[in-house]
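Overview (structure and organization)
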Amino acid sequence: MMRMKFLFRVFLVTVALAFAGQELPAQINVIPMPENYSPGSSAFELNDATIVAANPYAMAEAKFLADWLSQATGRSFSIVNMDSMPQSNVIVLSCTKRKIDLTPERLKVMPDSMARRVLQADKSAYRMNVSARGIFVNAEYDEGVFYAVQTLRQLLPAQAEEKKLTLPLSIKGALISDKARFEHRGLLLDCCRHFMSVDFIKNYIDALAYYKMNVLHWHLTEDQGWRIQIDRYPLLTEIGAWRIEKDGTRYGGFYTKEEIRDIVAYAQKRHVVIIPEIELPGHSSAAIAAYPELGCTHAKIEVENEWGVFKDIYCAGDDGTFDFLENVLAEVCELFPSPFIHIGGDEVPKYRWENCDRCQKRIKDEGLKNEAELQTYFIERIAKFLESKQKRIIGWDEILEGGIPADAMVQSWRGMEGGEHAAQESHAVVMSPTSHCYFDYGLAATDLREVYSFDPIPESLTPSQKQFIKGGECNMWTEHAPQELVDGKVFPRLLALAEVLWTYPDQRNYDAFYLRVEKHYPILKAMGITAGFPTVPMDLTVRPGEYSAMVVEINKNISNAVVSVKENDKGDFEPYVDPIAITEPTTLEWQVEMDGRSYPEVLKWSYDPHLGWNKNIKLAYIPSPYYTGGGEHAMNDGRLGTPNFRDGIWQAAQGVDMSAVIDLGNAQRVESLSSNWFHYGNAWIFLPLQVDYAISDDGENWQSVGIATSDVNEKTPGEFPVPFELKLPKPVSARFVRMIAKNHGVCPTWHDAPGEPSWLFCDEFVIH
Ligand code: ACM
Ligand code: ZN
């Protein structure tokens, strides 16, 4: 034992020196990187006669290993008890302690000293020694043995996962001791916006286990679909699991109790805890569609077929709502052994509660200040019920707003602040900020390197507060991702999060990690997972060229990317050779291939080198830091917005008008003025009430040249850009040109968030 520790310390010094010299450490192809690894002196030969041995506490993991080896090689491996194992050619799994089930119920009856010891014990820790005589694994808990087996799987070549491993095989000697940095290492799958098959979910549980993740946060109820069978309320799945899409088709599905039990058992074998999420009090349209009496108005509503946040939520004034939720949760608790139940709590518009007599009576009767406290009342009442079932709650960071039960865990998503605040108040925290953990976002927002740079522990916390950060999760929301697109978004980014949550920061280095990721592509493929790109494969720069041309040039972010381009939707894609000079409105569409894979996102941008392009511009508002559109020249950089308001081209302001003046430098002939605006009511984005265009010779005295409006009804569902164009009856001469776009100011009364500040989104102020 002493000797091993000594060796590891020597190894650490070597690694530190290597990093200092910018050399990458010698490493094994394991993700996440183990805490300590050093090469051993002799190799182990895996062959037809190799035997798996285990003590009784490690028998289940031995079975897992033998089954996997059998599948990898096509021959069967037998398991013997450690007492009767051979002297050599053996893989030995030894677990010193039985798994201890840490349910709150059990903790209560455990002596304090023992409970403390169990809580502190690192259940993930293991040691592994690969030598000529055998492979020896030792861990205190079966979880640790399981993780050793996963490391062993990764020490074998990719052919093992391809089930094409030929024996004998030499495995390099190694000494590994390892444990997780965080205890909660999760992935959220939103199976509501789009449904995922049972096989697909099982495959993800396999992948989670392979990368030593241990939580599947299963998002099961939403506005757009209720996906879990509840015996007492059959309409939840008969009605709530199905929505009518805008094209008239019926979309949906749900998991039967039998399927859920099967998935839970499958996950348990792989040390993955499934935490079900039953959203309340918001994101509940599907339940209310099935049982309208659950809402404040009792009006019949449809299962949503739009994305967004909706104002029909569970009525907090009616005890019947709580009876319903308690009956539902009782069935949920019976299905899921997880000590935690996720109760959502995010994005709760208070409009219905403000206008509901029963909710207002509840506020009065309970002596609550307002609707925020009514939400706390709601959450606490549910938490108390779950406590009676020996379950703790997890909720999104909004649940902090009116105070929460002491043992509630907070999942921070609107940045890290919610989690930071919760830890300061001694609540357990899971970090999943949009900045690093939202895998529904494109790679332009969050690429592999960005995920890898994540640190779940805010610097500002004291050492004792840091203990409350239990880990992190990546969130796969599926508004824009039916099942077939999920792989490309989750992978390879999940590998980065797995390493962030398992490996200690001083062992992490992105370049070294990326070398391993490249070797994991074939492994993922063998697992039936079509991993996506690690980053946006190319960027574009736009610069002024000769004869007032706009020059568009690409920059590859992945060295082996092959790029081709098509102009104005005409002809075929042609290989990109040189920068492209454009002098009139042009659309360029790009195609990128890497190792035979096509980049799945549409790379299509339009440019307009108009009169105002790149000239001096003054804005009379402060753009939102979240939607700058690329900075100072966003409104006259020649780039036109795409149908995605998050594309980085759109600039936005909330609650205020947007007004801009462009100085053309000298008097120019102006024929038309236009600007594109975005419409997306569900995201609080509205078209301007009107856009005023004006001209001036001195930038002080203005002459209006006309007003542009749109006839798009503000209630129109969907998201799309709308041009506000003004063709002048006859050309005018002007040096300064101005637009003033009038904001609604707040979302209208019919909206799901009436009174909240409304957004304006503009891509470009175009002058011809
Ligand atoms: C969330 O993304 N609304 C938790
Ligand atoms: Zn109500």
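Preceding this section is the structure that the text describes.
This text gives an overview of the structure that appears in the document. The shown structure was predicted, so the numbers you read here are calculated from the model rather than taken from an experiment. (Residues numbered from 1 in each chain as written. Chains lettered and ligands numbered in written order. Predicted model: local features only at pLDDT ≥ 70, side-chain atom pairs only at ≥ 80, totals over all residues. Heavy atoms only, no water.)

1. A word on the pattern of salt bridges
For side chains of opposite charge, pairing can occur when their charged atoms come near one another. Rules: The term salt bridge refers to a side-chain nitrogen of Lys or Arg lying within 4 Å of a carboxyl oxygen of Asp or Glu. The buried label goes to any residue with under 20% of its type's maximum accessible area, the exposed label to any with over 50%, and the partly exposed label to all in between, with areas taken from a 1.4 Å probe on protein chains only. Numbering of helices and strands starts at the N terminus; helices are DSSP runs of H or I of at least 4 residues and strands are runs of E of at least 2.
Counted under the stated rule, the structure contains 31 salt bridges. Notably, a salt bridge pairs E161 with R153, separated by 3.0 Å at the nearest N-O pair. By the burial criterion, E161 is buried, and R153 matches it. The shortest N-O distance in the salt bridge between R270 and D206 comes to 2.7 Å. Here the residue R270 occupies a position in the loop between α8 (257-269) and β16 (273-280), and D206 occupies one in helix α6 (residues 198-210), the gap between them amounting to 64 residues. Within the structure, one salt-bridge network assembled from shared partners comprises D190, R193, E222 and E479.

2. Some words on the coordination of the zinc ion (ligand 2)
This is how it is decided: Note that water is not among the atoms used; donors are N, O and S atoms within 2.8 Å of the metal (3.2 Å for Na, K and Ca), so sites may look incomplete. For four-coordinate sites, all angles between 85 and 135 degrees define a tetrahedron; for four- and six-coordinate sites, opposite donors beyond 155 degrees with the remaining angles between 65 and 115 define square planar and octahedral shapes respectively, and all other cases count as irregular.
On the protein side, the zinc ion (ligand 2) has C296 (SG), C315 (SG), C356 (SG) and C359 (SG) as donor atoms, found 2.3 Å from it. Its four donor atoms give the zinc ion (ligand 2) angles of 106 to 115° at the centre, a pattern that matches the tetrahedral case.

3. Quick notes on the sheet that holds strand β26 (residues 580-582)
For the record, the criterion: Strands are treated as partners if at least two bridges between them are detected by DSSP. Only C-alpha atoms enter the line fits that serve as axes; for helices the fit covers just the stretch in contact. Angles between N-to-C directions range over 0 to 180 degrees.
What the three strands build is an open sheet, ordered β22-β23-β26; its pairing is antiparallel. Among the strands making up the open sheet, the edge pair consists of β22 (538-544) and β26. Along the sheet, successive strands turn relative to each other by an average axial angle of 25°, direction set aside.

4. Some remarks on unusual backbone geometry
Residue P281 is bonded to the preceding L280 through a cis peptide linkage, with omega at -10°. Tracing the chain through its elements places P281 in the loop between β16 and α9 (285-290). In this structure, P492 follows F491 across a cis peptide bond, with omega equal to 5°. One can find P492 in the loop between α18 (483-490) and α19 (493-502). Of note in the backbone geometry, S426 takes a positive phi value of approximately 65° without being a glycine. What makes S426 partly exposed here is its relative accessible area of 42%.

5. Focus: helix α10 (residues 319-335)
Note the threshold: Here the expected length of a helix is defined as 1.5 Å per residue gap, with one fewer gap than residues.
With 17 residues, α10 should cover 24 Å at 1.5 Å per step; its first-to-last C-alpha distance of 25 Å lies within 8% of that length. By the burial criterion, the buried members of α10 are T321, F322, F324, L325, V328, L329, E331, V332, C333 and L335.

6. So, the packing of aromatic side chains
Stated precisely, the cut-off is as follows: Two aromatic rings, drawn from Phe, Tyr or Trp (for Trp, its six-membered ring), form a pair once their centres lie within 6.5 Å of each other, and the interplanar angle then sorts them: stacked below 30 degrees, edge-to-face above 60, tilted otherwise. A ring is considered to have a charge above it if a Lys NZ or an Arg CZ atom is located within 6 Å of its centre and within 35 degrees of its normal.
One pass over the structure, following the stated rule, counts 36 aromatic pairs. Centroid distance Y210 to Y211: 5.0 Å. Interplanar angle 90°. Geometry classified as edge-to-face. Note on Y452 and F513: the rings are 4.4 Å apart at their centroids and 20° apart in plane angle, and the pair reads as stacked. With Y452 in helix α16 (residues 448-452) and F513 in helix α20 (residues 510-526), this pair connects stretches of sequence that are 61 residues apart. One Lys or Arg, R75, reaches over the ring of F77 and ends 4.1 Å from the middle of that ring. Positioned over the ring face of W702 is R738, at 4.7 Å from the centre of the ring.

7. Description of the sheet that holds strand β17 (residues 340-344)
Here is the rule we go by: Contacts: residue pairs with any heavy atoms within 4.5 Å of one another.
Strand order in this closed barrel of eight strands is β10-β11-β16-β17-β18-β19-β20-β21, and the pairing throughout is parallel. In this sheet, neighbouring strand axes are inclined to one another by 30° on average, regardless of whether the strands run parallel or antiparallel. Across three bridges, strand β18 (residues 392-396) lies against strand β19 (residues 409-412) in parallel orientation. Opposite W396, over in β19, you have Q411 as the bridge partner. Lying on the sheet, helix α13 (residues 371-388) is in contact with β16, β17 and β18; it crosses β17 at an angle near 160°.

8. Quick notes on the side chain of S659
Within the element layout of this structure, S659 appears in strand β33 (residues 658-679). If near-sequence neighbours (up to four positions away) are discounted, S659 is found in contact with K618, L619, A620, Y621, M739 and I740.

9. Overview of α19
A large share of α19 lies buried, amounting to 10 of its 10 residues. Those residues of α19 not exposed but buried are R493, L494, L495, A496, L497, A498, E499, V500, L501 and W502.

10. Some points on the environment of S70
Test applied: Nitrogen and oxygen atoms within 3.5 Å of one another constitute a polar contact, given that in protein one can donate a hydrogen and the other can accept it, and given that sequence-neighbouring residues count only through two side-chain atoms.
On the secondary structure map, S70 appears in helix α2 (residues 59-73). Distance from S70 to L165, taken between C-alpha atoms, is 9.8 Å for residues 95 residues apart in sequence. Those residues in contact with S70 that sit more than four places away from it in its chain are R75, S76 and F77. Reaching out from S70, the side chain makes a polar contact with the backbone oxygen of A66 at a distance of 2.7 Å.

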